[in-house]
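Listed below are the residues making up each chain.
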Amino acid sequence: MRLSRYFLPVLKENPSEAQIVSHRLMLRAGMIKQSSAGIYSWLPLGFKVLRKIENIVHEEQARAGHHAMLMPTIQSADLWRESGRYDAYGEEMLRIKDRGGRDMLFTPTAEELITDIFRAHVSSYKDLPLTMYQIQWKFRDEIRPRFGVMRGREFLMKDGYNFDLTKEDALHAYNRHLVSYLRTYERMGLRAIPMRADSGPIGGDDTHEFLVLADTGESEVFYDSAVTDLTFGDREIDYDSVEQCAAIMEEFTSKYARTDETHDEALFGEVPEERRRTARGIEVGQIFYFGTKYSEAMGATVQGPDGKNVPVHMGSHGIGVSRLLGAIIEASHDDNGIIWPEGVTPFHAGIVNLKQGDAEADAACEALYASLTALGLEPLYDDRNERAGGKFATMDLIGLPWRITVGPRGLKNGVVELTSRRTGESEEMPPEQAVERIR
Ligand code: ATP
Ligand code: MG
Ligand code: MG
Ligand code: MG
């Protein structure tokens, strides 16, 4: 992409409405624009990162054997009356009437709709296990939408639903989700800690939230500092293996880590004092096992091996896809702007031309652009007629992992400058070598 042709409405001033750094930086970097309280347009740069995050979620869900699908945002109230949640959900649900006077709603989550699809098409245990998921816009009429995309009213969520014959099978699905989520967040450069939590309006007993530690987080959390040393890494995993998934579940959840909703002072007191931590965290996901709550209410049964009809065991599993942009920025920025982790960066490298219009500098930039593109990488070339200082500030603000600076003086010696956004370190080298480093 050439910056002269891109839509990147960068703000010089700090927007006064933004209270936390991620919101401020997303507005300043021209990633989002608020259209009304808690509702945002995603401008090209923000949308690019959103898509990267979605892609990681899709890849990891596919790896775990879950099927992507898509359900409507506007749903009929009737289904929600069957489960009893139409009345129970309260003011967070946006209720709509169509022209025929029928009660509709904008989906805040989709247990009812997926259960309806399931009961219409599945009647035998032979079709289980089954897990389907979508990445779809949700609406919750939050009392206090704030912090930009962190607590929006309209937000993008991955929501997945498992259907299993027995509780045991459903708990395997639960563990499988936990494992896939650990991988998912790590690929985004995040450390998200599973913590025992409360189930809220979804219902159920078993639930973990995934929290990213950050001072601006809205949840209060209590944990054994040993949990922050755990990493999933690139271990091979067989998602069908009950033992393997259970072992990882055990490894990542046996140490004390709870949100304030389930915090237990007495248990916390058993953690060695020097490892006891109280902090704040951002909830980036949650997994639930809720058994037959919806299947019983809505008649979602299957015929078991013994010929008897039994309600299926279910769970649901969410990832805050749009909230993740805020969480990643909260976890990865400095005074000059965002520092994107490689896995989600909107462009792989920025090219800064120090003397636009200089034949040699222009040609060198074009050549770099072509070789990066040929490698399947996406460079952002600042080809505007701007001063170097302004170009550097923009690159730092939008946070690409690498910057290649090209100027006539360096080119005389056959070199360009390669700068790492994370470390700030610069090194001069021939252009081909810079490309090699980035790939
Ligand atoms: P919160 O406690 O922050 O209100 P929740 O527990 O109500 O979230 P879930 O029903 O667990 O949310 O939804 C799954 C995920 O969707 C959450 O873990 C979170 O990352 C994301 N999410 C929930 N509400 C919002 C929101 N208003 N804006 C952005 N993301 C959200
Ligand atoms: Mg909520
Ligand atoms: Mg919550
Ligand atoms: Mg939750």
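Nothing here was measured: the structure is a model prediction, and the numbers come from that model.

Quick notes on the rules
Residues numbered from 1 in each chain as written. Chains lettered and ligands numbered in written order. Predicted model: local features only at pLDDT ≥ 70, side-chain atom pairs only at ≥ 80, totals over all residues. Helix = DSSP H or I, 4+ residues; strand = E, 2+ residues; numbered from the N terminus. Rg over C-alpha atoms; globule rule 2.2 N^0.38 Å. Buried ≥ 20, exposed ≤ 12 C-beta atoms within 10 Å, placed from the backbone. Pairing = 2+ DSSP bridges. Arc of directions from axis to C-beta. Contact = placed C-beta atoms within 7 Å. Near = placed C-beta within 6 Å. Nonpolar A, V, L, I, M, F, W, Y, C, P; charged D, E, K, R; others polar.

**Student:** Help me out: how do you make sense of the overall build of the protein chain in this one?
**Tutor:** Secondary structure summary: the protein chain contains 14 helices and 23 strands in total. A compact globule built from 439 residues would reach a C-alpha radius of gyration of about 22 Å, and the protein chain, at 24 Å, matches this within 12%. For the C-alpha atoms alone, the extent of the protein chain along its principal axes is close to 80 × 60 × 40 Å. Residue burial in the protein chain is summarised as follows: out of 439 residues, 41% are buried.

**Student:** When you look at the pairing of strand β7 (residues 130-139) in this model, what are you seeing that I'm missing?
**Tutor:** Where a strand is regular, its side chains alternate between the two sheet faces. Of the strand pairs in this sheet, strand β3 (residues 67-68) and β7 are connected by 2 bridges, and their pairing is parallel. The residue bridging His67 from the neighbouring strand is Met132, located in β7. Here 10 bridges tie β7 to strand β8 (residues 154-164), and the two strands are oriented antiparallel to one another. Paired with Trp137 across the two strands is Leu156, which belongs to β8.

**Student:** Is there a simple way to think about helix α14 (residues 431-438) in this case?
**Tutor:** Each α-helix turn comprises 3.6 residues. Residues three or four places apart therefore point the same way. Within α14, the full set of buried residues consists of Pro431, Ala434 and Val435. An end-on view of α14 places all buried positions within 100° of arc, on one side of the element. Opposite the buried face of α14, at more than 90 degrees from it, the exposed residues are Glu432 and Glu436. Structurally, α14 contributes buried residues whose contacts are with α11 (359-374), β21 (402-406), β22 (416-420) and β23 (426-429).

**Student:** How do you make sense of the environment of Glu186 when you look at a structure like this?
**Tutor:** Along the chain, the position of Glu186 falls in helix α6 (residues 167-187). The exposure class of Glu186 is partly exposed, given the 19 C-beta atoms found within 10 Å. In the structure, Glu186 is positioned 45 residues away from Thr231 in sequence and 8.1 Å away in space, judged by C-alpha atoms.

**Student:** Would you mind going over the site of ligand 1 with me for this structure?
**Tutor:** Around ligand 1, a shell composed of 16 residues is seen, among which Phe155, Gln286, Gly318, Gly320 and Arg323 lie nearest. Residue assignment for the shell around ligand 1 shows that the elements contributing at least two residues are β8, β13 (276-291) and α10 (321-331). Ranked by residue count, the leading element in the shell around ligand 1 is β13, at 4 residues. Here the residues of the shell around ligand 1 are counted per class, giving 3 nonpolar, 8 polar and 5 charged.

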